[in-house]
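Residues per chain, in single letters:
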Amino acid sequence: MGKIELTGEFRIPMSQPAFDTETENYMLDVIKSGWWSQGKKTELFEKNLSEYFPSNVVVVNNGTSAITAALLAHGIKSGDKVVVPDYTFIATSSAAKIIGAEVLVADVDPNTLNVKLESIEKLVKQYDVKAVIVVDMAGLPVNLEPIIELSKRYKFVLIEDAAQAIGSEYKNKKIGSFEHTTTFSFTVAKIITTIEGGCITTGDKKIHERLLQIRNFGRAGDGQYIHRLNSVNFRFNDIHAALGIKQLEKINDFIKRRIEIADTYEKNIENLTFQETPEYVTTHSHMLFFAFAENSEMKEKYLNFLRQNGIDARLPYLPIHRQPCNTELADFSCPGADEIFEKALTLPIYNNMTLDNAKSHILQVRK
């Protein structure tokens, strides 16, 4: 593989947060109030999120904490086997490993980038799997119904890592509104941001109560020093909650713009292919935009040309089984994930991106 330039200044960044004066003033009011830690604004943010999905919601300090807390709430412990997709951001697997679970990787469909049902089923037949984490890659929902049915048949905990998928819909139902536990991320590149942050949704009220305790050192509430669970500090803060409240108010506009950008790419770029959107997906929020070259050599050519012309196109994730921190997974065979890594690149997409921005590097890709 050739060398790809990954540094430099870009006139069109990979991502950029959308921010306005109203939000700035709202956050400033929280700072002036003197209450900066988790409090009433966090409660309001949780309430607004619970109405948006709708579901029971717990806000935490980041998306990785959300996955970790979800696993802990479901009783996943050291030595338990947890299946994750081989093509995902590292947090999906590292959250499981950090609590001592044994990670197994399932292969993915190189067209949708999402986990293959048959690969999950092969693993749950072979091993005593306690939990399966599925991922909505780039914001594209997985085919949930057959996976939910599989979880009931093989009696494993289903957790959906929807870090990239707030606002996406599966068969006209929002991701995060299903009975199973789902996690989200609000980092700065996501569809809505709180700078750092995340949340967990669940239809199970007992899991919801456990999550509230897990977030707060295992205790039932602030000011109480009776700790019913062993846990750590996953708490949020009211300054970031204020940002989240204002971001959530604009989420429909953000997603609309991302869909417009994605449509512009797909209709005008002729020499690349794109992530397939199955019929069961009624809204794809396009947190990331993946494009595919014919082979690794062409991918490098496009990447270098775009970056040299001020456009922050990016490399794809290295599959989980090939990560240097996961040497124990090196013998797994996941050709779908390998194919994505060899052929894929991501193009810039963000909430306040203009169609002119998109068209300017469509011209670059055509060259």
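Residues numbered from 1 in each chain as written. Predicted model: local features only at pLDDT ≥ 70, side-chain atom pairs only at ≥ 80, totals over all residues. Heavy atoms only, no water.

## Some words on the overall build of the protein chain
Regarding its fold elements, the protein chain presents 12 helices and 13 strands. Projected onto its principal axes, the C-alpha positions of the protein chain cover 65 × 55 × 35 Å. Sequence-distant contacts, at least 24 apart, represent 71% of the contacts inside the protein chain between residues at least 6 apart. One finds the centroid of the 42 positive side-chain charges in the protein chain at a distance of 3 Å from the centroid of its 47 negative side-chain charges. (Helix = DSSP H or I, 4+ residues; strand = E, 2+ residues; numbered from the N terminus. Contact = heavy atoms within 4.5 Å. Lys, Arg positive; Asp, Glu negative; His and termini not counted. Charge placed at Lys NZ, Arg CZ, Asp CG, Glu CD.)

## Things to note about the packing of helix H3 (residues 63–73) against helix H4 (residues 91–98)
Interhelical geometry of H3 versus H4 gives an angle of 45° and a closest axis separation of 9 Å. Accordingly, the angle class assigned to the pair H3 and H4 is oblique. The two elements H3 and H4 cross, and the hand of that crossing is right-handed. Residues Thr-64, Ile-67, Thr-68 and Leu-71 of H3 touch H4, and the partners they reach there are Ala-91, Thr-92, Ala-95 and Ala-96. Broken down by class, the residue content of the contact of H3 with H4 amounts to five nonpolar, three polar and no charged. (Axes fitted to C-alpha atoms, helices over the stretch in contact; angles between N-to-C directions. Parallel < 35°, antiparallel > 145°, perpendicular 65-115°, else oblique. Left-handed = near helix turned anticlockwise from the far one by under 90°. Nonpolar A, V, L, I, M, F, W, Y, C, P; charged D, E, K, R; others polar.)

## Description of the state of the cysteines
Enumeration over the complete set of coordinates arrives at zero disulfides. The cysteine Cys-325 is free of any disulfide, with Cys-334 supplying the nearest cysteine sulfur at 15 Å. (Disulfide = S-S within 2.5 Å.)

## Quick notes on the sheet that holds strand E12 (residues 289–292)
On the basis of which strands lie adjacent, the open sheet formed by three strands has the order E10-E12-E13 and antiparallel pairing. Edge strands, defined here as strands with exactly one partner in the open sheet, are strand E10 (273–274) and strand E13 (344–347). The sheet contact formed by E12 and E13 spans four bridges and is antiparallel. Residue Phe-292 lies in a different strand from E13, and its bridge partner there is Ala-344. (Pairing = 2+ DSSP bridges.)

## A short note on helix H6 (residues 144–154)
Buried within H6 we find Leu-144, Ile-147, Leu-150 and Ser-151. Taken end-on, H6 shows its buried residues confined to a sector of 125°, consistent with a single buried face. Looking one or two residues past H6, Lys-155 carries a phi angle of roughly 55°, positive in sign. (Buried < 20%, exposed > 50% of the residue type's maximum accessible area, 1.4 Å probe, protein only. Arc of directions from axis to C-beta.)

## A short note on the sheet that holds strand E11 (residues 281–283)
Taken together, three strands build an open sheet; the order of strands is E7-E6-E11 and the sheet is antiparallel. Each edge of the open sheet carries a strand with a single partner, namely strand E7 (173–174) and E11. With two bridges joining them, strand E6 (residues 169–170) and E7 adopt antiparallel strand pairing. Bridge assignment links Glu-169 to a residue of E7, and that residue is Lys-174.

## Points about the nonpolar core
When a protein is soluble and globular, its nonpolar side chains tend to lie buried together. Grouped together as the largest cluster of nonpolar side chains are 93 residues, with contacts concentrated most on Leu-49, Leu-71, Ile-166 and Phe-290. Excluding residues within four positions of it along the chain, Leu-49 makes contact with Val-57, Val-59, Ile-166, Phe-186, Cys-199 and Leu-248. Among the nonpolar cores identified, the runner-up in size contains 21 residues, and Ile-12, Ile-269, Phe-274 and Tyr-350 belong to it. (Core = buried A, V, L, I, M, F, W, Y, C linked by side-chain atoms within 4.5 Å.)

## A closer look at unusual backbone geometry
Omega for the bond connecting Phe-53 with Pro-54 falls within 30 degrees of zero, at -10°, which places this linkage in the cis form. With respect to the helices and strands, Pro-54 occurs in the loop between helix H2 (40–52) and strand E1 (56–60).

## Some details on the packing of aromatic side chains
Scanning all chains against the criterion turns up 11 aromatic pairs. Residues Phe-45 and Phe-186 carry aromatic rings whose centres are separated by 5.7 Å and whose planes lie at 55° to one another, so their mutual orientation is tilted. You can see Phe-45 sitting in helix H2 and its partner Phe-186 sitting in the loop between strand E8 (181–185) and strand E9 (198–202), a full 141 residues away along the chain. Pair check on accessibility: Phe-45 and Phe-186 agree, each one buried. (Phe/Tyr/Trp six-rings, centres within 6.5 Å; stacked < 30°, edge-to-face > 60°.)

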